[in-house]
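# Structural overview
The residues making up each chain are set out below.
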Amino acid sequence: MTNLKGQNVLITGGASGVGHAMAVAFAEAGANPHVVDVDQAALDACPTAWGKSCFDVTDEAAITALYADLGEVHILCANAGTSGPTAPVEDISLNDWRACTAVNLDAAFLFAKHAASGMKARGAGSITITSSTAGLHGYSNRSPYCASKWAVIGLAKTLALELGPYGARANAICPGSVSGPRMDGVIAREAATKGVAEADVRVGYTSGVALRTFIEGADVANMAIFLASDQGRYITGQALSVDGYIVNPEA
């Protein structure tokens, strides 16, 4: 097992889904996870040994205060995200566009911005941003989500260039369809938009994947652990897919 004993890990969107799986994996590797989430009930259900903060991940004042309280953050997993609206681009309001990009892109920028100086000063650190295979392909009816997930890859690559001379690294993980309530909601909304059965949408997703299945949150967490560990010490500026190999994103 990878040993990250004593490493302080900050995980946004960490009370459920992929973020929760990351926190579990980091704790098992000996690290000290601190999770940020807007859902207090989900935070309350997390292990008592974890650090927990409840606030909107786009609130820079709250982020600044959190970093001041935490001290050293050795590993940042900027994972918080939202699916955004499911509709043709002409039917998406500017407010809905901004609400999606604020969580998916602005929050990743803010958390990385406040982590960077400490990592530079220590000469070490790892930032992992959760993008998506939607950051590698286009998806109909998901323009704000896709745009934000493409953008965070550019952010990760730029962070890698800025932090690299100081010994810190930055990467993006691009998960495919992750089993769970969030993906169930995506499928339900897509089925409603297209006027088809949810089962047909689900089959469409899996039929475009080489392994013919969705992935689990733990699969994404395993990649996050690898990237933060010494085994991944020369991996930076990359967008790494964990998707079962999506051959046709709109099968």
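Just so you know, these numbers come straight off a predicted model, no measurement behind them.

### Brief notes about the overall build of the chain
Scanning the chain from N- to C-terminus turns up 8 helices and 7 strands. Scaling as 2.2 N^0.38, a compact globule of 251 residues should have a C-alpha radius of gyration of about 18 Å, and the chain matches this with 17 Å. Across its three principal axes, the chain shows a C-alpha extent of roughly 55 × 35 × 35 Å. For the chain, buried positions account for 50% of its 251 residues. Pairs at least 24 residues apart make up 70% of the contacts formed inside the chain by residues separated by at least 6 positions. Counting only carbon and sulfur atoms, one obtains 54% of the accessible surface of the chain, whose full area is about 11,200 Å².

### With respect to the side chain of His114
If you trace the backbone, His114 turns up in helix 4 (residues 94-122). A polar contact of 3.1 Å, which involves the side chain of His114, links it to the side chain of Glu60.

### Observations concerning the sheet that holds strand 2 (residues 32-37)
Within the open sheet, the 7 strands sit side by side as 3-2-1-4-5-6-7. Their pairing is parallel. For this open sheet the edge positions go to strand 3 (51-54) and strand 7 (239-242), each flanked by a neighbour on one side alone. Each strand axis lies, on average, 20° off the axis of its neighbour in the sheet, ignoring direction. As judged from the 6 bridges shared by strand 5 (residues 125-130) and strand 6 (residues 168-175), these two strands associate in the parallel manner. Bridge pairing in strand 6 places Thr130 opposite Ile173.

### Some thoughts on the packing of helix 4 against helix 5 (residues 143-163)
Following both chains from N to C, one finds helix 4 and helix 5 inclined at 10°, their axes separated by 9 Å at the closest point. Classified by the angle between their axes, helix 4 and helix 5 sit roughly parallel to one another. Residues Trp97, Cys100, Thr101, Asn104, Leu105, Ala108, Phe109, Ala112, Ala116 and Lys120 of helix 4 touch helix 5, and the partners they reach there are Ser143, Pro144, Tyr145, Ala147, Ser148, Lys149, Ala151, Val152, Leu155, Leu159, Glu162 and Leu163. For the contact of helix 4 with helix 5, the per-class residue count stands at 15 nonpolar, 4 polar and 3 charged.

### Notes on the state of the cysteines
For the structure shown, the criterion picks out 0 disulfides. Here Cys100 stays free of any disulfide, with the sulfur of Cys146 as its closest cysteine sulfur at 9.2 Å. Cys146 supplies the cysteine sulfur nearest to Cys174, a cysteine that is in no disulfide, at a spacing of 12 Å. You can call Cys174 buried: its relative accessible area is 0%.

### Points about the pairing of strand 2
Among the 6 residues of strand 2, 5 are classified as buried, and the element is accordingly described as predominantly covered. Between the parallel elements strand 1 (residues 8-12) and strand 2, the chain passes through helix 1 (residues 17-28) in a crossover that is right-handed. Sheet topology note: the strand 2/strand 3 ladder contains 4 bridges and is parallel. For Asp37, the partnering residue across the bridge sits in strand 3 and is Cys54.

### Here we look at the nonpolar core
Inside soluble globular proteins, nonpolar side chains tend to come together where they are buried. Counting 33 residues, the largest nonpolar core has Leu10, Tyr67, Leu76, Phe111, Ile127, Ile129 and Leu159 as its most contacted members. Elements that contribute at least two residues to this core include exactly helix 3 (60-70), strand 4 (75-78), helix 4, strand 5, helix 5 and strand 6. Counting residues per element, this core draws most heavily on helix 4, which supplies 8 residues. If we ignore the near neighbours within four places in the chain, the residues touching Leu76 are Leu10, Tyr67, Phe111, Ala112, Ala115, Met119, Ser126, Ile127 and Thr128. Counting 30 residues, the second largest nonpolar core, distinct from the first, contains Val9, Met22, Ala23 and Phe26.

### Quick notes on the packing of aromatic side chains
Given two aromatic rings, their pairing is described by the distance between the two centres and the angle made by the two planes. Applying the stated criterion to the full structure yields 2 aromatic pairs. Between Phe55 and Phe111 the ring centres are 6.5 Å apart and the planes differ by 5°, which places this aromatic pair in the stacked class. With Phe55 in the loop between strand 3 and helix 3 and Phe111 in helix 4, this residue pair connects regions lying 56 residues apart in the sequence. Among the residues examined, Phe55 registers a relative accessible area of 14% and is labelled buried. Consider the rings of Tyr67 and Phe111, whose centres lie 6.3 Å apart with planes at 50°: the pair is tilted.

### Regarding the environment of Ala108
Turning to its location among the elements, Ala108 is positioned in helix 4. The sequence separation of Ala108 and Thr130 amounts to 22 residues, and the corresponding C-alpha distance is 8.8 Å. Residues in contact with Ala108, not counting those within four places in the same chain, are Ala78, Ile129, Val152 and Leu155.

Definitions and limits used
Residues numbered from 1 in each chain as written. Predicted model: local features only at pLDDT ≥ 70, side-chain atom pairs only at ≥ 80, totals over all residues. Heavy atoms only, no water. Helix = DSSP H or I, 4+ residues; strand = E, 2+ residues; numbered from the N terminus. Rg over C-alpha atoms; globule rule 2.2 N^0.38 Å. Buried < 20%, exposed > 50% of the residue type's maximum accessible area, 1.4 Å probe, protein only. Contact = heavy atoms within 4.5 Å. Areas by Shrake-Rupley, 256 points an atom, 1.4 Å probe, with all protein chains shown as cover. Polar contact = N/O pair within 3.5 Å; in protein donor to acceptor, adjacent residues only side chain to side chain. Pairing = 2+ DSSP bridges. Axes fitted to C-alpha atoms, helices over the stretch in contact; angles between N-to-C directions. Parallel < 35°, antiparallel > 145°, perpendicular 65-115°, else oblique. Nonpolar A, V, L, I, M, F, W, Y, C, P; charged D, E, K, R; others polar. Disulfide = S-S within 2.5 Å. Right-handed = clockwise from strand over helix to strand, strands pointing away. Core = buried A, V, L, I, M, F, W, Y, C linked by side-chain atoms within 4.5 Å. Phe/Tyr/Trp six-rings, centres within 6.5 Å; stacked < 30°, edge-to-face > 60°.

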